[in-house]
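Remarks on the overall topology
Letter by letter, the chains look like this.
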There are 2 protein chains.
Amino acid sequence: MADNPATADLNAAVANPRADIAAFDELEKKLFALRYAIDEIGSLGPVIDPVKATEERGEACSVLEEQRIRAICAPEVGPLLERLAAQPELVGKTRMRQIRVLGRDRASLVDVPAEEQAAFSRLTVEANDVWRRAKAGNDWASFEPYVDRIVAALRHMAEAKKPGADPYDVWLDEYEHGTGRSFYDPFFEQVKDCVVPLLADCMASRHKPSHAVVDGTFDEARQWALADDLMELEGVDKDALWVGRTEHPFTGGPSVGFVLIASHVYPDNVLSNVFSMLHEGGHTLYEQNVDPAYRFTSLKGGTSMGMHEAQSRFFENIVGRSEAFAGPLLERLRGRFPGQFGRVTPHQLYLAENCAEPCLIRCDADELTYPLHILVRYEIEQLLFSGEAKASDIPRLWAEKYKGYLGIDVPDDASGALQDTHWSDGSFGYFPTYALGSAIGAQLKNAMVAGGMDFDGACASGDLAPVREWLRERVWRWGRAKDTDELLREATGSSFDASHYTDYLARKFSAIYQL
Amino acid sequence: MADNPATADLNAAVANPRADIAAFDELEKKLFALRYAIDEIGSLGPVIDPVKATEERGEACSVLEEQRIRAICAPEVGPLLERLAAQPELVGKTRMRQIRVLGRDRASLVDVPAEEQAAFSRLTVEANDVWRRAKAGNDWASFEPYVDRIVAALRHMAEAKKPGADPYDVWLDEYEHGTGRSFYDPFFEQVKDCVVPLLADCMASRHKPSHAVVDGTFDEARQWALADDLMELEGVDKDALWVGRTEHPFTGGPSVGFVLIASHVYPDNVLSNVFSMLHEGGHTLYEQNVDPAYRFTSLKGGTSMGMHEAQSRFFENIVGRSEAFAGPLLERLRGRFPGQFGRVTPHQLYLAENCAEPCLIRCDADELTYPLHILVRYEIEQLLFSGEAKASDIPRLWAEKYKGYLGIDVPDDASGALQDTHWSDGSFGYFPTYALGSAIGAQLKNAMVAGGMDFDGACASGDLAPVREWLRERVWRWGRAKDTDELLREATGSSFDASHYTDYLARKFSAIYQL
């Protein structure tokens, strides 16, 4: 008991709201510290840890995560949250929001037995290891049984969380609160109806943009300096940022004051660096601009995967690959590579950034074909969860769908169903948030313009302050205090509407390909 | 209760030794994970964290440390350790050692009320901040009251830990188990009797070594490459090492598989880089070579401050500044700076490394004068704890003792009593371990030679494997499983004996200065 004074306080506090509040605040501080540790250790791991660090890091993170789950799921916490929620005037507005969010976190954990969660965690650690080797060796067969086992485990956990509910809906909702198949089905239908024929038209067009102006070899040290320039251009707070190096770019870090971007540079592909940094910079802006009052609470961080991806893909594509922004971007490229970019025009750069071309690898996809990669995964996940397909069907399904939607042949599983790490991590239901985020970004941009912002002017001037301020005020600062739907309604005047996205894609690519 | 199943297990386990063992193992895992987090966050902080990370990092570390102390001090843990200690055959040898070490950790924490520890922690955070500005502004007066407050708080805590004991003895024992004034007084007396006249003779000698051969300007990138060469030469495991950059070199990191060295390079002082790296490499070898079986237990890490400093100063001085090692070292210097070192001889380098010269700053001191800097601090700390001096006396005492022992005038407090961070951190009783470590190193070297090792041959060949293997077998692998005295007796055949050190200094510097 003395190991956990918060628990003792809880028991003593049934008739004492102030003690309840103190116990709640202490629980939040404890959760903050454990998350801080898990996030710092977890996100720095792949960037700086020496190779022999792996086993101890894994053990430390799993024990810390266990402590975090125990603290949230302690039986006293449920009644505590209920008592506090019944006294909104005493508890105050911010704390009421914390209680709501923490209550939801608790609900998603408390009904699955700890042993089952631990077993699932061990299964995914093993699966991830097998997947890594399977991808390297183009060996689907070795990974296949893990997919079936993971889906079965996720179905079982979904039943514990929401008895009787569709298990895939449970996991879609887990990654994006308020969604499910009834949300995503019409969204993807609309995307498919727009993008599949649009892409076919682009491919048939005689007016294909060229990327010749960005071809060449680019010194790595100068590319890192360019990455730094881009963070400045985007408006990221460098005093709250650390940039490291890794193969697969990501944003992490433990706190509002310490966001970590890990990225890469390739000598033969300077745009990969540019758009990776702009993308991760979007995630970074979101994390850095959460209300400082939320720093030590459950309200810290972005409100959902979709809203987070909305920020990153907004700065990567809607700002980053716009014609207006090509001017400031070209200036930065010229600053570091005057020889290569001295004679390139902004319009040439814009066209080079927007060559739509079906490819096998999601991470290499352009803005137009990207959602089709997600669609393939969404449809296969549904079939697995409904029992209409098994893991052994995936290679065939993958080939059929890539042929059908993107018009290309899949030569092997390494560049097919083995390309992504997500399934090996157990993250079924996560992929759709990537497409959703792209679509939310388009809706946000239209709201900015409708509200009177000179969006293109801001992009063309290289001063994105009006864009940042708009997002900071309406999205970023709220952290997890408001859900995606609430933020969207307040910021844009309506709930999510995919038409903004399909209209945006249709208009942009029709113009580029002169359809 | 559910937040802490270990506690529940403890209560149920009074009559069940196997459940006791399981509860103990779980406690050790929890403590491992919390220490891992505190060590990683704490040691990476000054190296990579952006400036705005400070507040959240501080909060996270303090909450994690509070969790750690609570877990150790939980009232059930005392009886648990007692029950287990009574069943050595069931518990096993390694676990018995864990129980002894964890019991000692607990004893040093459990008698000081948590509020008092927290208040002391806040006081030192504030004092450290004030000290930083006081040092920059050469303003002793602003820092002075904190010294008195910290000493008073330490005296009060010492009384809680060991009622009636001399408070300075309590803190000396805290940093180096088994020591106290009765241990250090004769040690420092012996050091003083040797070094003070020896230094005077050196200063009066007509045969002063020259450091002209190492003067010059050295490219920073090449110096970092040299640092890497030196880690290889010393035999540090680079697969379990990360090297970062900082102003004041230190060794940290969370685990056996992940040791962190933070160091600096100065363009005008290549030897500072060389000996900083060899020093931190010594700490690193100790951490990396603890028995892997201890990784997740209280037995991880070095057994004491003195034994840790013995390893670092051994590789810095007894190996690093030896005449035999000047050959391999010169080879590395030539590899990176062929222009500067092409015509230098090993003997010239050896002399350049060993210019004894009284200076104001402890961190810049040579091997001979170093212990005198420690002596000054030891004597002042004693006076403060006995009440014979107050903080306001320190500048005067400092000037008197630097004049008396080192023969130099102290021009200001910034290069006097404000130079070190330790007192602002509350680390009274820590300084003496630096001198003790140097002395232990000399005793270890003599034992190697007495045991038949060709120590100079190993140094001259650049293959330090025999030296490392000797230390790994007798010191490093034991982690905290054996105390300094036990290790020394087993490794050298006798308890600590300062004569090895004073003889070593006398012989070495008499030869260099041709006394």
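Heads up: the structure comes first, above all this text.
Residues numbered from 1 in each chain as written. Chains lettered and ligands numbered in written order. Predicted model: local features only at pLDDT ≥ 70, side-chain atom pairs only at ≥ 80, totals over all residues. Heavy atoms only, no water.

Comments concerning the overall build of chain A
Counted only if it meets this: Secondary structure elements follow DSSP: runs of H or I of four or more residues count as helices, runs of E of two or more count as strands, with numbering from the N terminus. It is over C-alpha atoms that the radius of gyration is taken, and the globule rule equals 2.2 Å times the number of residues to the power 0.38. The buried label goes to any residue with under 20% of its type's maximum accessible area, the exposed label to any with over 50%, and the partly exposed label to all in between, with areas taken from a 1.4 Å probe on protein chains only. Contacts are assigned to residue pairs with any non-hydrogen atoms lying within 4.5 Å of each other. Only the protein chains shown count as cover for residues, with accessible areas throughout obtained via the Shrake-Rupley method and a probe of 1.4 Å. Positive charges come from Lys and Arg alone, negative charges from Asp and Glu alone, with His and the N- and C-terminal ends not counted. Taken as the charge centre is NZ of Lys, CZ of Arg, CG of Asp or CD of Glu, depending on the residue.
When helices and strands are tallied, chain A shows 23 helices and three strands. In terms of overall dimensions, chain A is globule-like: its C-alpha atoms have a radius of gyration of 23 Å, near the 24 Å expected for 515 residues. The burial tally for chain A puts 58% of its 515 residues in the buried class. Sequence-distant contacts, at least 24 apart, represent 73% of the contacts inside chain A between residues at least 6 apart. Of the accessible surface of chain A, which amounts to about 19800 Å², a share of 51% is contributed by carbon and sulfur atoms. Charge separation in chain A, taken as the distance between the mean sites of 54 positive and 80 negative side-chain charges, equals 3 Å.

As for the relation of the copies chain B and chain A
Stated precisely, the cut-off is as follows: We place the copies in one frame by least squares, fitting the C-alpha atoms of every residue whose pLDDT is at least 70 in both.
Take chain B, turn it by 180°, move it 0.0 Å along the axis, and it overlays chain A with an RMSD of 0.0 Å. The superposition operator between the copies reduces to a two-fold rotation axis. Looking at chain B, 100% of its interface residues are interface residues in chain A too, so the copies touch through the same face.

A word on the nonpolar core
Under the convention used in this document: By convention a nonpolar core is built from buried Ala, Val, Leu, Ile, Met, Phe, Trp, Tyr and Cys residues, the set being connected through side-chain atoms within 4.5 Å.
Phe187, Ile394 and Leu471 of chain A are the most contacted members of the largest nonpolar core, which totals 136 residues. Setting aside chain neighbours within four positions, we find Phe187 of chain A in contact with Ala435, Leu436, Ala439, Phe496, Ala498 and Tyr501 of chain A.

What about the environment of Gln348 of chain B?
Residues and elements named next belong to chain B. On the secondary structure map, Gln348 appears in helix α16 (residues 346-353). Owing to a relative accessible area of 35%, Gln348 belongs among the partly exposed residues under this scheme. Taking the C-alpha atoms as reference points, Gln348 and Glu323, 25 residues apart in sequence, are found 9.6 Å from one another. Leaving out residues up to four positions away in the same chain, Gln348 has contacts with Val213 and Arg343.

Here we look at the interface of chain B and chain A
Our working rule: Each of two parts loses accessible area, computed with a 1.4 Å probe, when they are put together; buried area is these two losses added. Salt bridges are counted wherever a side-chain nitrogen of Lys or Arg sits within 4 Å of a carboxyl oxygen of Asp or Glu. Two N or O atoms form a polar contact when they lie within 3.5 Å of each other; inside protein one atom must be a possible hydrogen donor and the other a possible acceptor, and for residues adjacent in sequence the pair counts only when both atoms belong to side chains.
Contacts between chain B and chain A engage 49 residues on the former and 49 residues on the latter. Both sides of the chain B and chain A interface together cover about 4300 Å² of buried area, and 60% of this is carbon and sulfur. In this assembly, chain B and chain A are joined by eight salt bridges. Note that Lys52 of chain A and Asp237 of chain B form a salt bridge whose closest N and O atoms lie 2.5 Å from each other. Put simply, chain B and chain A have 18 residue pairs in polar contact (both at pLDDT 80 or more) between them. Residue assignment for the side of chain B that touches chain A shows that the elements contributing at least two residues are α1 (5-12), α2 (17-48), α3 (54-73) and β1 (241-245) of chain B.

Regarding the packing of α3 of chain B against helix α6 (residues 93-110) of chain B
All names here are of chain B. Using the following cut-off: Fitting a line to C-alpha atoms yields each axis, with helices limited to the stretch in contact; the angle taken between N-to-C directions then spans 0 to 180 degrees. Roughly parallel means an angle under 35 degrees; roughly antiparallel, over 145; roughly perpendicular, 65 to 115; everything else is oblique. When residues are grouped by polarity, Ala, Val, Leu, Ile, Met, Phe, Trp, Tyr, Cys and Pro land in nonpolar, Asp, Glu, Lys and Arg in charged, and all others, Gly among them, in polar.
Contact geometry of α3 with α6 gives a least axis separation of 9 Å together with a crossing angle of 110°. The pairing of α3 with α6 is recorded here as roughly perpendicular in orientation. Each of Ile69, Ile72 and Cys73 in α3 lies in contact with α6, whose residues at this interface are Leu102, Arg106, Leu109 and Val110. Classifying every residue of the contact of α3 with α6 by side-chain character gives six nonpolar, no polar and one charged.

Some thoughts on the sheet that holds strand β3 (residues 258-263) of chain A
Either a parallel or an antiparallel arrangement is found when strands of a sheet pair, and the pairing is made through backbone hydrogen bonds. Residues and elements named next belong to chain A. Short version of the rule: By the convention used here, strands pair only if DSSP detects at least 2 bridges between them.
Spatially, β1-β3-β2 is the arrangement adopted by the three strands of the open sheet, whose pairing is mixed. Lying at the two open borders of the sheet, with one neighbouring strand each, are β1 (241-245) and β2 (250-255). Direction aside, neighbouring strands of the sheet carry axes that sit 25° apart on average. As paired strands, β1 and β3 are joined by five bridges and run parallel to one another. Each bridged residue has a counterpart across the sheet, and for Trp242 the counterpart in β3 is Leu260. Strands in contact with helix α11 (residues 220-234) are β1 and β3; relative to β1, the strand with the most contacts, it is inclined by about 150°.

Quick look at unusual backbone geometry
Even without a glycine there, the phi angle at Asn138 of chain A is positive, about 50°. With respect to the helices, strands and loops of the structure, Asn138 of chain A is situated in the loop between α7 (114-137) and α8 (140-161).

As for the pattern of salt bridges
In total, this model carries 74 salt bridges over all chains according to the counting rule given. Between Lys162 of chain A and Asp173 of chain A there is a salt bridge; the shortest N-O distance is 3.3 Å. Residue Lys162 of chain A is found in the loop between α8 and α9 (167-175), and its partner Asp173 of chain A is found in helix α9; the two are separated by eleven residues along the sequence. Measuring nitrogen to oxygen at the nearest pair gives 3.8 Å for the salt bridge that ties Glu316 of chain B to Arg313 of chain B. Taken together, the residues span about one helical turn, with Glu316 of chain B and Arg313 of chain B both in helix α13 (residues 305-319) at a distance of three residues. A relative accessible area of 6% places Arg313 of chain B in the buried class.

Observations regarding helix α4 (residues 77-85) of chain B
Basically, it comes down to this: Here the arc refers to the directions that run from the helix axis out to each C-beta atom.
Looking only at α4 of chain B, the buried set comprises Val77, Gly78, Leu80, Leu81 and Leu84 of chain B. Across the axial projection of α4 of chain B, the buried residues extend over an arc of 165°, all falling on one side.

What to know about the side chain of Glu353 of chain A
Residue and element names in this part refer to chain A. Mapping Glu353 onto the fold places it in helix α16 (residues 346-353). In this structure, Glu353 is buried with no salt-bridge partner, the nearest side chain bearing the opposite charge being Arg321 at 5.9 Å. Every residue in contact with Glu353, bar those within four places of it in the chain, is listed here: Leu271, Phe275, Gly320, Arg321, Ser322 and Leu329.

Re the packing of helix α10 (residues 181-204) of chain A against helix α23 (residues 499-512) of chain A
Residues and elements named next belong to chain A. Closest axis-to-axis distance for the α10/α23 pair is 10 Å, and the angle between their directions is 5°. One element, α10, and the other, α23, form an angle in the roughly parallel class. From α10, Phe187, Gln190, Val191, Cys194, Val195, Leu198 and Cys202 reach across to α23, where they touch Ser499, Tyr501, Thr502, Leu505, Ala506, Phe509 and Ser510. Here the contact of α10 with α23 is built from residues that sort into ten nonpolar, four polar and no charged.

Quick look at the packing of aromatic side chains
Counted only if it meets this: Pairing of aromatic side chains requires ring centres within 6.5 Å, counting the rings of Phe and Tyr and the six-membered ring of Trp. Pairs whose planes differ by under 30 degrees are stacked, by over 60 edge-to-face, and all others tilted. Charges are assigned to positions over rings by a cutoff of 6 Å between ring centre and Lys NZ or Arg CZ, combined with an angular limit of 35 degrees from the ring normal.
This model, assessed by the stated rule, comprises 52 aromatic pairs over all chains. The interplanar angle of 70° and the centroid separation of 5.4 Å between the aromatic rings of Phe314 of chain A and Phe315 of chain A together place this pair among those described as edge-to-face. Residue Phe314 of chain A is classed as buried on the basis of its relative accessible area of 0%. Among the residues examined, Phe315 of chain A registers a relative accessible area of 1% and is labelled buried. Where Phe183 of chain B meets Phe496 of chain B, the ring centres are 5.5 Å apart and the plane angle is 40°; that geometry is what we call tilted. Here Phe496 of chain B lies in the loop between α22 (484-492) and α23 (499-512) and Phe183 of chain B lies in helix α10 (residues 181-204), a separation of 313 residues in the sequence. The lysine or arginine in question, Arg313 of chain A, covers the ring of Tyr370 of chain A, its NZ or CZ lying 3.8 Å from the ring centre. Here the guanidinium or amino end of Arg321 of chain B rests over the ring plane of Phe275 of chain B, the centre of that ring lying 3.8 Å away.

Some words on the side chain of Gln288 of chain A
Residue and element names in this part refer to chain A. Tracing the backbone shows Gln288 in helix α12 (residues 270-288). Taking the relative accessible area as the measure of exposure, Gln288 reaches 11% and is therefore buried. Side-chain polar atoms of Gln288 contact the backbone oxygen of Ala240, separated by 3.1 Å. Those residues in contact with Gln288, other than ones at most four positions away along the chain, are Val236, Asp237, Ala240, Leu241, Val256 and Val259.

A look at the sheet that holds strand β3 (residues 258-263) of chain B
Residues and elements named next belong to chain B. Strand order in the open sheet formed by three strands is β1-β3-β2, and the pairing between neighbours is mixed. Across the chains shown, the open sheet's two edge strands, defined by having one partner strand only, are β1 and β2 (250-255). Across this sheet, the average inter-strand angle for adjacent strands is 20°, counted without regard to direction. Alignment of β2 against β3, held across four bridges, turns out to be antiparallel. Bridge pairing in β3 places Gly252 opposite Leu260. Along the sheet face, helix α11 (residues 220-234) touches β1 and β3 and points at about 150° away from the line of β1.

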